[in-house]
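# Coordinate analysis (summary)
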Amino acid sequence: MEIAVLSKFMFDEPSVWVTVATVMTLLSTVYLGFAEVIGSHLQYSKFTNSSAKQAAAGGIKLSSRTGMLMLYTPAFVAGVVSFFVFPGGGGVRFFLLKFVVTFHFFKRDFEVLFVHKYSGNMGLGSTILISIFYFYVATSLIVVHYMSLGLPEPPIDLTYVGVIMFTVGILGNFYHHNLLAKLRTDKEKEYKIPHGGLFNLVICPHYLFEILIFCGFAFISQTPLAFACALGDSCYLIARSHQTRNWYVNKFEDFPASIKCLIPYVF
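Summarised in this report is the structure supplied together with it.

Rules behind the numbers
- Residues numbered from 1 in each chain as written.
- Predicted model: local features only at pLDDT ≥ 70, side-chain atom pairs only at ≥ 80, totals over all residues.
- Heavy atoms only, no water.
- Salt bridge = Lys/Arg side-chain N within 4 Å of Asp/Glu carboxyl O.
- Helix = DSSP H or I, 4+ residues; strand = E, 2+ residues; numbered from the N terminus.
- Buried < 20%, exposed > 50% of the residue type's maximum accessible area, 1.4 Å probe, protein only.
- Expected span 1.5 Å × (residues − 1).
- Bend = angle between axes of the 7 residues up to and from the residue.
- Contact = heavy atoms within 4.5 Å.
- Core = buried A, V, L, I, M, F, W, Y, C linked by side-chain atoms within 4.5 Å.
- Phe/Tyr/Trp six-rings, centres within 6.5 Å; stacked < 30°, edge-to-face > 60°.
- Lys NZ or Arg CZ within 6 Å of the ring centre and 35° of its normal.

### Observations concerning the pattern of salt bridges
For side chains of opposite charge, pairing can occur when their charged atoms come near one another. Following the criterion strictly, the structure yields seven salt bridges and no others. A salt bridge links Glu111 to Lys107, with the nearest nitrogen and oxygen atoms 2.8 Å apart. With Glu111 and Lys107 both in helix H5 (residues 91–114) and four residues apart, this pair spans about one turn of that helix. The salt bridge partner of Glu190 is Lys251, with a shortest N-O separation of 3.9 Å. Linking Glu190 in the loop between helix H7 (159–181) and helix H8 (205–221) with Lys251 in helix H9 (residues 224–251), this pair joins segments that are 61 residues apart in sequence. Judged by its relative accessible area of 54%, Glu190 falls in the exposed class. Counted as one network, the salt bridges with shared partners bring together Lys107, Arg108, Glu111 and Glu210.

### Overview of helix H4 (residues 64–85)
Taking 1.5 Å of rise per residue, 22 residues should cover 32 Å, and H4 covers 32 Å from first to last C-alpha, within 8% of that figure. For H4, the principal kink sits at Tyr72 and spans about 30°; a proline, Pro74, occurs within the next four residues. Here the buried face of H4 lies against strand S1 (61–63), H5, strand S2 (121–123) and helix H6 (124–148).

### Digging into the nonpolar core
One finds Tyr44, Val101, Tyr134, Leu141 and Phe217 to be the most contacted residues of the largest nonpolar core, which totals 55 residues. Counting residues per element, the ones that place at least two in this core are H4, H5, H6, H7, H8 and H9. Looking at this core, the element that brings in the most residues is H9, giving nine residues. If near-sequence neighbours (up to four positions away) are discounted, Leu141 is found in contact with Leu97, Val101, Tyr136, Phe217, Leu225, Ala226 and Cys229.

### A closer look at the environment of Met68
Looking at where Met68 falls in the secondary structure, it is placed in helix H4. For the pair Met68 and Thr127, spaced 59 residues apart in sequence, the C-alpha separation works out to 7.5 Å. If we ignore the near neighbours within four places in the chain, the residues touching Met68 are Tyr44, Val112, Tyr118 and Met122.

### Examining the packing of aromatic side chains
For the structure on display, the rule yields 19 aromatic pairs. Every member of this aromatic cluster is reached through a ring pair, and the members are Phe76, Phe99, Phe103, Phe106, Phe110 and Phe114. When the ring centre of Tyr191 is taken as reference, the NZ or CZ atom of Arg184 above it lies at 5.2 Å. We note Lys251 situated over the ring of Phe252; from NZ or CZ to the ring centre the distance is 5.9 Å.

In structure tokens, the structure reads:
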């Protein structure tokens, strides 16, 4: 019964290896969310050297701007290359998937270069791990969808729902990243409590909109792997937003108790 219901929204898996990749993608991203909950954070932003153990471990550090470019550029390049490797065919859905994946990572590189203000470092290990993950997401979303071409289309077409979700996610994410950038001048290093937009209600609205972006990927593609990426990314960002709120509460005595983690008035 469950398979029958899911088949209305998803393509069938094109091979057993894709099924394995789908399961492993979901499990690995859910694990990263669990690691955040127990305090084993990926080493970027305010969580670089966030524990005594991680600080003592040391390791190679990169400037945040360099590290962030390393995070997103391979995935952006993968998206661009996909237009040459798969130049035609596949219909509107496949073209839209290639476009939104490529545009998302182009936007992230653009923000790193021209929007964000950075004050710290990133651990090389976390940088490599996240970069590999994003490259894998960009590549696998496109390749697995290509492998699914020719399979029966899901009876319920969510393509344009996905385009709307992606558009809202991109605009909301960019808007709140701009608000964060305006909190500090180029010379300021200290964190401040964000305000404006949905920052007046939650501490991580940019994460909320990133979840919408990944849900947009899933609804456009409608492959099980795309839904696994969206669910796994959501689990990680939910956990990260909870830890981010705890960080602000501990750092700022005047942090408003009414501000939630991710979802206004709920969580």
